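# Coordinate analysis (summary)
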Amino acid sequence: QNNISLQSYVIEKGAGYWNALKDWNDINHKLTHREVGILKIACTVPNRFPTEKQAPILVEAEKRVKVEGFFPDG
């Protein structure tokens, strides 16, 4: 996927989703400091959203935390 489509993906997921990940990470501490910074931006979509360079970092982090036990949908 290109970075613009990843940016769109982050926006489409919505602030509620990213806030759920932030809450999960506050307990589980699986994200890096850099990833948390990007995540905090994603938590404010659509007002602010990650840049083309930041979006792929967040999407990779999301894939990783799903392996670590983040199940936002149940």
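Residues numbered from 1 in each chain as written. Predicted model: local features only at pLDDT ≥ 70, side-chain atom pairs only at ≥ 80, totals over all residues. Heavy atoms only, no water.

## Details of the nonpolar core
Just so we agree on the cut-off: Take the buried Ala, Val, Leu, Ile, Met, Phe, Trp, Tyr and Cys residues and link them wherever side-chain atoms come within 4.5 Å; each set so joined is a nonpolar core. Working definition: with a 1.4 Å probe on protein chains only, accessible area under 20% of the residue-type maximum means buried, over 50% means exposed, and in between means partly exposed. Secondary structure is summarised from DSSP: a helix means a run of H or I of at least four residues, a strand means a run of E of at least two, and numbering begins at the N terminus for each. Any two residues having at least one pair of non-hydrogen atoms within 4.5 Å are treated as being in contact.
If you look at the biggest cluster of nonpolar residues, it comprises 18 residues, and the most contacted ones within it are V10, W18, L21, L39 and L58. Within the residue set of this core, elements represented by two or more residues are α1 (3–28), α2 (33–42) and α3 (54–68). Here this core gets six residues from one element, more than from any other, and that element is α1. For L39, the residues in contact, after removing those within four places along its chain, are W18, L21, K22, L31 and L58.

## Some words on α3
Which entries qualify depends on this criterion: How far a helix is expected to stretch is found by multiplying one less than its residue total by 1.5 Å.
The terminal C-alpha atoms of α3, which comprises 15 residues, lie 21 Å apart, in line with the 21 Å expected from a rise of 1.5 Å per residue. Next to the buried residues of α3 lie α1 and α2. Positive backbone phi, approximately 115 degrees, marks G69, located one or two places after α3.

## Quick word on the environment of A55
As for its position among the elements, A55 is in helix α3. For A55 and A42, which are 13 residues apart along the polypeptide, the C-alpha to C-alpha distance reads 8.9 Å. For A55, the contacting residues outside a window of four places in its chain are N3, L6, Q7, V10 and P50.

## Looking at the pattern of salt bridges
Filter applied, for reference: By definition, a salt bridge exists where a carboxyl oxygen of Asp or Glu is found within 4 Å of a side-chain nitrogen of Lys or Arg.
Taken as a whole and assessed by the stated rule, the structure comprises five salt bridges. Between E68 and K30 there is a salt bridge; the shortest N-O distance is 3.4 Å. Within this pair, whereas E68 is found in helix α3, its partner K30 is found in the loop between α1 and α2, the two being separated by 38 residues in sequence. In this structure K30 comes out as partly exposed when scored by relative accessible area, which is 37%. For E62, the salt bridge goes to K66, with nearest N and O atoms at 3.5 Å. Taken together, the residues E62 and K66, both in helix α3 and four residues apart, mark about one turn of the helix.

Geometric values such as these leave the question of function open.
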